[in-house]
Amino acid sequence: MSDTSIARRGRDLRHLRYAEHFLIWALRTSVACSPRCRLLQREFVHAFGPDPAEGLTAFHGWLLALAKGRRRLEIGRPGLIELTRDEALLLSLLTAAQMSEAAHFTALGRFIMGGEPDAGLYSAASALMSLMDRRGHGLPVSVSMGREPPTALPCVGNRPQLTAV
């Protein structure tokens, strides 16, 4: 296995669960096309049932709260198979909101937003994730969310390398 494939392991959209994939796809489609795109609305019907208005409203609220940030986010184009680092951070942010981990959310939010996130970001993310969870589409909770300490990986003696994406 090459160093490049090791560095990218876990950043492939095909390894995501439905909720993660749906949120990233919806984000990319909203940024590339429009939050009012018919294809986007059709997928919200699939995720939220015949009346997706509540889901669309919650998602748009989250997008508007994110748009207030000072940091430019790297969002992949629709169809890109790899998850960008910013997209992975956004999934972590939403997981923190889903778990009501306000301190973790705020720390991630500071980096993602390029400054102190306003209360609207947490409210919007919490509302979106509460709705997703009620519909059976909650994000998977990783061990890094404070439930158990992560196990340390043994050092294999390789020098760290930077990889351009």
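Here is what the cut-offs are and how they apply
Residues numbered from 1 in each chain as written. Predicted model: local features only at pLDDT ≥ 70, side-chain atom pairs only at ≥ 80, totals over all residues. Heavy atoms only, no water. Helix = DSSP H or I, 4+ residues; strand = E, 2+ residues; numbered from the N terminus. Buried < 20%, exposed > 50% of the residue type's maximum accessible area, 1.4 Å probe, protein only. Contact = heavy atoms within 4.5 Å. Areas by Shrake-Rupley, 256 points an atom, 1.4 Å probe, with all protein chains shown as cover. Salt bridge = Lys/Arg side-chain N within 4 Å of Asp/Glu carboxyl O. Expected span 1.5 Å × (residues − 1). Arc of directions from axis to C-beta. Phe/Tyr/Trp six-rings, centres within 6.5 Å; stacked < 30°, edge-to-face > 60°. Core = buried A, V, L, I, M, F, W, Y, C linked by side-chain atoms within 4.5 Å.

(A) Focus on the overall build of the chain. When helices and strands are counted, the chain shows seven helices and zero strands. For the chain, the α and β elements follow one another from N to C terminus as α-α-α-α-α-α-α. Per-residue burial for the chain yields a buried fraction of 36% across its 165 residues. Taking all contacts inside the chain whose residues are at least 6 apart in sequence as the whole, residues at least 24 apart take part in 67%. As displayed, the chain offers around 10200 Å² of accessible surface, 56% of which is attributable to carbon and sulfur atoms.

(B) Expanded view of the pattern of salt bridges. Evaluated as defined, the whole model comprises six salt bridges. Residue Arg-42 is joined to Glu-43 by a salt bridge in which the shortest nitrogen-to-oxygen separation is 3.5 Å. When the shortest N-O distance is used, the salt bridge between Arg-134 and Glu-54 registers 3.4 Å. Pair noted here: Arg-134 is in helix 7 (residues 119-134) and Glu-54 is in helix 4 (residues 53-66), with a separation of 80 residues, a long-range link. Given a relative accessible area of 57%, Arg-134 falls into the exposed group.

(C) Examining helix 5 (residues 85-98) more closely. Taking 1.5 Å as the rise per residue, helix 5 with 14 residues should run 20 Å; its terminal C-alpha atoms sit 20 Å apart, in good agreement. By the criterion of burial, helix 5 is predominantly enclosed, with ten of the 14 residues buried. Among the residues making up helix 5, those that are buried are Asp-86, Glu-87, Leu-90, Leu-91, Leu-93, Leu-94, Thr-95, Ala-96, Ala-97 and Gln-98. Looking at the buried side of helix 5, the elements it contacts are helix 2 (18-32), helix 4, helix 6 (102-113) and helix 7. One or two positions beyond helix 5, positive phi appears at Ser-100, with a value near 55°.

(D) Up close: helix 7. If you check helix 7, its first and last C-alpha atoms are 23 Å apart, about what 16 residues at 1.5 Å a residue would give, namely 22 Å. For helix 7, every residue scored as buried is listed here: Leu-121, Ala-124, Ala-125, Leu-128, Met-129, Leu-131 and Met-132. All buried residues of helix 7 lie within an arc of 160° about the axis, which places them on one face of the element. More than 90 degrees from the buried face of helix 7, the exposed residues found are Ala-119 and Arg-134. Residues of helix 7 that are buried make contact with helix 2, helix 3 (38-48), helix 4, helix 5 and helix 6.

(E) A look at the packing of aromatic side chains. Going through the model one piece at a time under the given rule, you end up with seven aromatic pairs. A ring pair is formed by Phe-22 and Phe-48, whose centres lie 6.2 Å apart and whose planes are at 65°; its orientation type is edge-to-face. Residue Phe-22 is found in helix 2, and its partner Phe-48 is found in helix 3; the two are separated by 26 residues along the sequence. For the pair Phe-22 and Phe-48, one class covers both residues: buried. Ring geometry for Phe-105 against Tyr-122: centres 4.9 Å apart, planes inclined by 75°, an arrangement best described as edge-to-face. A residue pair is termed long-range when its members are at least 10 positions apart, and Phe-105 in helix 6 and Tyr-122 in helix 7 qualify at 17 residues. Among the aromatic residues, ring-to-ring pairing joins Tyr-18, Phe-22, Phe-44, Phe-48, Phe-59 and Trp-62 into one connected group.

(F) Broad picture of the side chain of Thr-84. Looking at where Thr-84 falls in the secondary structure, it is placed in the loop between helix 4 and helix 5. Ignoring anything within four residues of it in the chain, the contact list for Thr-84 reads Arg-11, Arg-28, Glu-74, Ile-75 and Gly-76.

(G) Representation of the nonpolar core within the structure. Counting 39 residues, the largest nonpolar core has Leu-23, Phe-59, Trp-62 and Leu-128 as the members making the most contacts within it. Elements with a minimum of two residues in this core: helix 2, helix 3, helix 4, helix 5, helix 6 and helix 7.

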